Amino acid sequence: MNELFPIYVKLAQIQTLLVGAGPVGLEKLQAMLTNSPNANIHLVAERIDEEVRAFVRGKDTIRTSERAFADTDIEGIDLIVLATNNPTLNAHIRKLATKNNVLLNVADKPDLCDFYLGSVVRKGNLKIGISTNGKSPTIAKRLKEFLHELLPDEIDETLDLMSQLRDEMKGDMKEKIQALNKHTKTILETKRYDSPN
Ligand SMILES: C[C@@]1(CC(=O)O)c2cc3[nH]c(cc4nc(cc5[nH]c(cc(n2)[C@H]1CCC(=O)O)[C@@](C)(CC(=O)O)[C@@H]5CCC(=O)O)C(CC(=O)O)=C4CCC(=O)O)c(CCC(=O)O)c3CC(=O)O
Ligand SMILES: NC(=O)C1=CN([C@@H]2O[C@H](COP(=O)(O)OP(=O)(O)OC[C@H]3O[C@@H](n4cnc5c(N)ncnc54)[C@H](O)[C@@H]3O)[C@@H](O)[C@H]2O)C=CC1
């Protein structure tokens, strides 16, 4: 059983610390920024790869510090992602995070994580997070590709129309929920999202 609780976090209104700026650090940075382009991230690494440097150039919500991690780096931080090649440092930051109630992800080290990154299907306003409970990130990636193909681009128009409808609707909550359920039931009956054959 997968006991992970999925949430969608507003990275633009919290402070994230990323330690490590090699290929794995770049992957984590890209994962965060493609989803949340205004994420506030402090990137600390003894050595920042040129690719990372190029990626963060011009992004003013990203701050970089090319130096060793210091314990004071976690002050004011809500979320930490580690992408270092340094197990001793990872273990040290794991302890600091627990002591300071900061949630931690250590890339590719499930035992050290409070949360995992998921694979993400994105179609306009729709976002589907996928977790395999750490069993197979590759299957998560394949499922993302499969669902992306399967979902029509019009799904975003449907979401916009539904959003307008719920803004326009009057009445009490119970009536509103009943009407929205009725309306969407017909949408799905007339506009099936599976393939015709
Ligand atoms: C537990 C978790 C913790 C975490 O890192 O957050 C974790 C752990 C590990 N990953 C490993 C390897 C790979 N990870 C990927 C890819 C992704 N990994 C991601 C998440 C997670 N990876 C979390 C669980 C997610 C879940 O529940 O499914 C994704 C979804 C999100 C992201 O990282 O952004 C992203 C896909 C993004 C996308 O494209 O959609 C690939 C494939 C590739 O890169 O093509 C490989 C190589 C192939 C393979 O091994 O499958 C290893 C072995 C390392 C080693 O052997 O040394 C471990 C450690 C272990 O399993 O013990
Ligand atoms: N590259 C890959 O495809 C994969 C890598 N991994 C693992 O993920 C980890 C990271 O991988 P890479 O990005 O390739 O490593 P890397 O060696 O390119 O980058 C490590 C980063 O951590 C930083 N760092 C180390 N000690 C530090 C300290 N005390 N303070 C601040 N920064 C510090 C380095 O300066 C560097 O920026 C490694 O443990 C690796 O074994 C796992 C699976 C695949």
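Structural data are supplied above this passage.
The following paragraphs examine the structure supplied in this document. Remember, predicted model here, so these are calculated numbers, not experimental data.

With that out of the way, let us pick up the packing of aromatic side chains. Within this structure, the stated rule accounts for zero aromatic pairs. Of note, Lys 59 hangs over the ring of Phe 55, and the distance from its end group to the ring centre comes to 4.2 Å.

Here we take up the pairing of strand β3 (residues 62–66). In the sheet, strand β2 (residues 40–48) pairs with β3 via five bridges, with the strands oriented parallel. Residue His 42 lies in a different strand from β3, and its bridge partner there is Arg 63. Handedness of the β-α-β unit built from β2, helix α2 (residues 50–56) and β3 comes out right-handed.

In the region of ligand 2, 18 residues are neighbours, and Ala 21, Val 24, Arg 47, Phe 69 and Asp 108 sit closest. Note that an oxygen atom of ligand 2 is positioned 2.6 Å from one of the backbone N or O atoms of Arg 47. A distance of 2.9 Å separates a nitrogen atom of ligand 2 from a polar atom in the backbone of Phe 69. Listing elements by their share of the shell around ligand 2, those giving two or more residues are β1 (15–21), α1 (23–35) and β2. Of the residues that constitute the shell around ligand 2, the class distribution is nine nonpolar, five polar and four charged.

Now for the site of ligand 1. Residues in close proximity to ligand 1 total 19 residues, the closest being Lys 28, Ser 119, Thr 132, Thr 138 and Lys 141. In the model, an oxygen atom of ligand 1 is placed 2.6 Å from a nitrogen or oxygen of the Lys 141 side chain. About the coverage of ligand 1: the protein hides 65% of its 1100 Å² of free accessible area. Among the secondary structure elements, those contributing two or more residues to the shell around ligand 1 are α1 and α4 (137–150). When residues in the shell around ligand 1 are grouped by element, the largest group, five residues, is from α4. Residue composition of the shell around ligand 1, by class: seven nonpolar, eight polar and four charged. Counting contributing residues, the shell around ligand 1 receives three or more from each of domain 1 (11–117) and domain 2 (118–151).

The next point concerns the nonpolar core. Membership of the largest hydrophobic core comes to 19 residues, with the highest contact counts inside it found for Leu 18, Leu 29, Ile 41 and Val 52. Elements represented by at least two residues in this core include exactly β1, α1, β2, α2 and β4 (79–82). Setting aside anything within four residues of it in sequence, one finds Val 52 in contact with Ala 21, Gly 22, Leu 26, Leu 29 and Leu 43. Leu 17, Leu 82, Val 102 and Val 106 belong to the second-largest nonpolar core, a separate cluster that totals 15 residues.

As for its position among the elements, Lys 59 is in the loop between α2 and β3. Classification of Lys 59 as partly exposed rests on a relative accessible area of 31%. Taking the C-alpha atoms as reference, Lys 59 lies 9.8 Å from Ala 39; in sequence the two are 20 residues apart. In terms of polar contacts, Lys 59 uses its side chain to reach the backbone carbonyl oxygen of Phe 55, at 2.6 Å.

Conventions used here
Residues numbered from 1 in each chain as written. Chains lettered and ligands numbered in written order. Predicted model: local features only at pLDDT ≥ 70, side-chain atom pairs only at ≥ 80, totals over all residues. Heavy atoms only, no water. Phe/Tyr/Trp six-rings, centres within 6.5 Å; stacked < 30°, edge-to-face > 60°. Lys NZ or Arg CZ within 6 Å of the ring centre and 35° of its normal. Pairing = 2+ DSSP bridges. Helix = DSSP H or I, 4+ residues; strand = E, 2+ residues; numbered from the N terminus. Right-handed = clockwise from strand over helix to strand, strands pointing away. Near = heavy atom within 4 Å. Polar contact = N/O pair within 3.5 Å; in protein donor to acceptor, adjacent residues only side chain to side chain. Nonpolar A, V, L, I, M, F, W, Y, C, P; charged D, E, K, R; others polar. Areas by Shrake-Rupley, 256 points an atom, 1.4 Å probe, with all protein chains shown as cover. Domains from an automatic or database assignment. Core = buried A, V, L, I, M, F, W, Y, C linked by side-chain atoms within 4.5 Å. Buried < 20%, exposed > 50% of the residue type's maximum accessible area, 1.4 Å probe, protein only. Contact = heavy atoms within 4.5 Å.

All quantities given are derived from atomic positions and should not be read as evidence of function.
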